[in-house]
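Fold and geometry: a report
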Amino acid sequence: MVLMNLLRTRIEKKSHRFLVLCLLVALEFIFGAYLWRKSKPEAILGFLTKNGDHFTIAWRDTLKGYESHDALSIEDAMRFAREELHLSAAVNPISEFELEHVWTQDRFGTYLVMWKTHSINFLNQITFNRRSDAMFFAAAFRQGSYSPSPFGHSVLLLPKSAE
């Protein structure tokens, strides 16, 4: 009888140890998943640029640095910026890039957006194949979203919470 009680006690201790070990592993897994979820890269700013016949969204995130995504249309590029990066066109807070004048021209089937900043005496332009693309950039520039980004003349994109 003593031997049975001793054996039962050892089995109970082992099962308690096993349960405690399982609980610790489960807690470690939950904590690790929480930390992984919180450490996902988050876009802190971005730029929409015209790059030949396509459009590029370039962004800086909190972990990796700059990354980019190409799209065939402005609509696709902006959808990616909104849905994947949570970025949207925003007013550039740097007054040096405030525009003096923005206008568009139709030249033999191409559409030009031209602008001049208050601080720099150069006339800038971007050429588009579609009128709607030119109008999108012109409207964004008029609303203060112009940025001479590291990727070229662009529409500034910021997190929706920073607008």
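Shown above is the structure to which this text applies.
An account of the accompanying structure is given in this report.

A few points about the overall build of the protein
- When you go through the protein residue by residue, the secondary structure sums to three helices and nine strands.
- Ordered by position from the N terminus, the helices and strands of the protein form the series α-β-β-β-α-β-β-β-β-α-β-β.
- Expressed as a percentage of the 163 residues in the protein, the buried residues total 33%.
- Of the roughly 11200 Å² that the protein leaves accessible, carbon and sulfur atoms contribute 59%.

Digging into the environment of Thr56
- Residue position: Thr56 is located in strand β2 (residues 54-61).
- A C-alpha to C-alpha distance of 6.9 Å links Thr56 and Ala77, two positions 21 residues apart in sequence.
- Look past the residues within four positions of Thr56 in its chain and what remains in contact with it is Phe47, Leu48, Thr49, Asn51, Ser68, His69 and Asp70.

Describing the pairing of strand β7 (residues 123-128)
- Of the two faces of β7, only one is covered, namely that formed by Asn124, Ile126 and Phe128; the face formed by Leu123, Gln125 and Thr127 stays uncovered.
- The sheet contact formed by strand β6 (residues 110-117) and β7 spans six bridges and is antiparallel. From the neighbouring strand, Tyr111 faces β7, where its bridge partner is Phe128.
- Hairpin connection, β6 to β7: the antiparallel pair is bridged by five residues.

Some points on the sheet that holds β6
- One open sheet holds the three strands; their spatial order is β5-β6-β7, and the pairing between them is antiparallel. Both edges of this open sheet fall to β5 (99-107) and β7, since each of them pairs with a single strand only. Neighbour-to-neighbour, the strand axes of this sheet turn through a mean angle of 20°, independent of strand direction.
- Examined bridge by bridge, β5 and β6 share eight bridges and lie antiparallel to one another. Its bridge partner being in β6, Asp106 is matched across the sheet by Tyr111.
- Its contacts with the sheet put helix α3 (residues 131-142) on β5, β6 and β7, and the angle it makes with β5 is roughly 170°.

Here we look at the nonpolar core
- Grouped together as the largest cluster of nonpolar side chains are 29 residues, with contacts concentrated most on Leu48, Ile57, Val113, Trp115, Phe137, Phe141 and Leu157.
- Among the elements that make up this core, the one with the highest residue count is helix α2 (residues 74-85) (six residues).
- Those residues within four positions of Leu157 in sequence are excluded, and the remaining contacts are Leu45, Gly46, Phe47, Leu48, Ile57, Met78, Ala81, Leu87, Ser88 and Ala89.
- Core analysis: the next-biggest nonpolar cluster, separate from the first, contains five residues, Leu45, Phe47, Ala90 and Leu156 among them.

Digging into α2
- With 12 residues, α2 extends 15 Å from end C-alpha to end C-alpha; this agrees with the ideal 16 Å at 1.5 Å per step.
- Looking at the buried side of α2, the elements it contacts are β1 (43-51), β2, β3 (66-71), β4 (87-89), α3 and β9 (152-159).
- Looking at the residues trailing α2, positive phi occurs at His86, about 60°.

Rules used throughout
Residues numbered from 1 in each chain as written. Predicted model: local features only at pLDDT ≥ 70, side-chain atom pairs only at ≥ 80, totals over all residues. Heavy atoms only, no water. Helix = DSSP H or I, 4+ residues; strand = E, 2+ residues; numbered from the N terminus. Buried < 20%, exposed > 50% of the residue type's maximum accessible area, 1.4 Å probe, protein only. Areas by Shrake-Rupley, 256 points an atom, 1.4 Å probe, with all protein chains shown as cover. Contact = heavy atoms within 4.5 Å. Pairing = 2+ DSSP bridges. Axes fitted to C-alpha atoms, helices over the stretch in contact; angles between N-to-C directions. Core = buried A, V, L, I, M, F, W, Y, C linked by side-chain atoms within 4.5 Å. Expected span 1.5 Å × (residues − 1).

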